[in-house]
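Secondary and tertiary structure notes
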Amino acid sequence: MALTTAQVQELADRICAILIAHASHGLATSSLDGMGEITLRDSLIVAAAATGAEIKQAWILVREVLPQGWTDSAVDLIVYRAGQQGALKEVGGIELKWWRQTDKGNASNRRRDLVKDFIRAASLYPAVDDFTFVALLSTEVSWTSTTTTTGADAAAMALVRATGSKIWNLRTLAASPAVKGSVRFLNGKVPIPNIFHSKLLSTLELHFASGRSAFAKVWFVKKPQNTHYFTPAEVGEILK
C-alpha cells in the first residue's frame, strides 16, 4: 500500500524531531562535536519504525544498502516492505549529513557532498515506491559558513537554502564547483539524472541566547518521469 502525502510528511517530521533531539542533548552536555553519523543513522531507524508502527506497516529497515548497479557508497537507510512470496519491495531511502565543522576552508567539500546526496537520492527515486529523503543536521555556524557564498556555488546553494519545491537542472548548474565535483565523483558509479526536484518538507530549529544553535532539515527528492540519466557524452560536456 502506497504512503499518502500526509504519511510521507509525518515521516519527515519524525526524522527532523529525532535529529534535533540529538542536537539538543549534545548542546546540553557539550558533546555535540563528538556525535557521529552512526548515532544519527540509528535515530533514522527509530523514526522510520515509529511511522511504520503508526500506519501498521511491517517495514524492514536496513542500514547502508548499496543499490543494484551502484559502485558508490551505500545509502544510509532503505525501508522495505514484504511483497508477494516474501520478496522485498523498496518503500524509500534516506541519505544523511551531519555538519558541525565551522571552517570556511572545507566548506566547498561540504557543499559538494550535500549535492552528491541530492543527486544520489534523485537517482534512487525510480527504484522506490514512496520517497527518497535527504536529511541534514547542522550547527548554525556550519550552515552559514557552508551555504552562504557569493561564489560559483551560489546558485546551487540558493536551491538548498530555499523553501518549497525547486528544480535542479544539472546542465545549467554546471558552473557550480559543488555540482561539477559531484558529477565527476559519481560518474560511472551512480546513474546521474539531468534534472531532479527537491522540496523542503520539514525543519526544526534550536536557538539559545548564548548563540549556540542547531537545526534539522529533511528534503523530499525525486526524478520526474520526463527526465533522463546523463549519457557519457553529456557528462563529458558538464566536466569540460
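In this report, we go over the structure that sits alongside the text. (Residues numbered from 1 in each chain as written. Predicted model: local features only at pLDDT ≥ 70, side-chain atom pairs only at ≥ 80, totals over all residues. Heavy atoms only, no water.)

In this structure, the largest pocket encloses a volume near 320 Å³. Those elements that place two or more of their residues in the lining of the largest pocket are helix 1 (5–28), strand 6 (195–206) and strand 7 (214–222). In terms of residues, the lining of the largest pocket owes the most to one element, strand 6, which gives four residues. Taken together, the residues of the lining of the largest pocket sort by class into five nonpolar, six polar and four charged. As a volume, the second largest pocket reaches approximately 240 Å³. Together, 14 residues line the second largest pocket, and Pro-67, Gln-68, Trp-70, Leu-124 and Ala-127 are the ones closest to its centre. Taken together, the elements giving at least two residues each to the lining of the second largest pocket come down to strand 2 (75–82) and helix 3 (107–124). Split by residue class, the lining of the second largest pocket holds eleven nonpolar, two polar and one charged. (1 Å grid on protein atoms, 1.4 Å probe; cavity = no way out; pocket = protein on both sides within 12 Å on 5 of 7 lines; lining within 4 Å. Points joined across faces, edges and corners; volume = space filled by probe spheres on them. Helix = DSSP H or I, 4+ residues; strand = E, 2+ residues; numbered from the N terminus. Nonpolar A, V, L, I, M, F, W, Y, C, P; charged D, E, K, R; others polar.)

Further remarks concern helix 2 (residues 37–54). Relative to the 26 Å expected for 18 residues at 1.5 Å per residue, helix 2 spans 26 Å between its end C-alpha atoms, a close match to the ideal helical length. Within helix 2 the residues assigned to the buried category are Leu-40, Arg-41, Ser-43, Leu-44, Ala-47, Ala-48, Thr-51 and Gly-52. Looking at the buried side of helix 2, the elements it contacts are helix 1, strand 1 (59–65), strand 2, strand 3 (88–99) and strand 4 (131–139). Positive backbone phi, at 60 degrees, marks Lys-56, one or two positions downstream of helix 2. (Expected span 1.5 Å × (residues − 1). Buried < 20%, exposed > 50% of the residue type's maximum accessible area, 1.4 Å probe, protein only. Contact = heavy atoms within 4.5 Å.)

In this section: helix 6 (residues 177–186). Those residues of helix 6 lying buried are Ala-178, Val-179, Gly-181, Ser-182, Val-183 and Leu-186. At the exit of helix 6 stands Gly-188, carrying a positive phi of roughly 80 degrees.

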